[in-house]
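Architecture and fold: a report
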Amino acid sequence: MNKKDQMTVESFVSTGMDLETLYTCFPDFSQEEIAEIYNNYKDNQPVGADGHAMSINCS
């Protein structure tokens, strides 16, 4: 998967899309690569004082 494809998948993850939906939306990419992008994005989300991850939707 090239960098542009990775950024596209990451942008879908940032909208709150779950892993199973990502697999459906990107059938030409390996599930392992999609899962890696998904997990990396989720692992890098800020965590609040109460231990919950924060997500901001600016739509």
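So, a few notes on the structure that sits alongside this text. (Residues numbered from 1 in each chain as written. Predicted model: local features only at pLDDT ≥ 70, side-chain atom pairs only at ≥ 80, totals over all residues. Heavy atoms only, no water.)

1. A closer look at the packing of helix α1 (residues 3-14) against helix α3 (residues 31-43)
The geometry of a pair of packed helices is captured by two quantities: the angle between their axes and the separation between those axes. Across the interface, α1 lies against α3 with an axial gap of 10 Å and an inter-helix angle of 55°. In terms of axis orientation, α1 runs oblique to α3. As for the relative orientation of α1 and α3, their crossing is right-handed in sense. Packed against α1, whose contacting residues are Q6, V9, E10, V13 and S14, the element α3 presents I34, I37, Y38, Y41 and K42 at the interface. Split into classes, the residues belonging to the contact of α1 with α3 amount to six nonpolar, two polar and two charged. (Axes fitted to C-alpha atoms, helices over the stretch in contact; angles between N-to-C directions. Helix = DSSP H or I, 4+ residues; strand = E, 2+ residues; numbered from the N terminus. Parallel < 35°, antiparallel > 145°, perpendicular 65-115°, else oblique. Left-handed = near helix turned anticlockwise from the far one by under 90°. Contact = heavy atoms within 4.5 Å. Nonpolar A, V, L, I, M, F, W, Y, C, P; charged D, E, K, R; others polar.)

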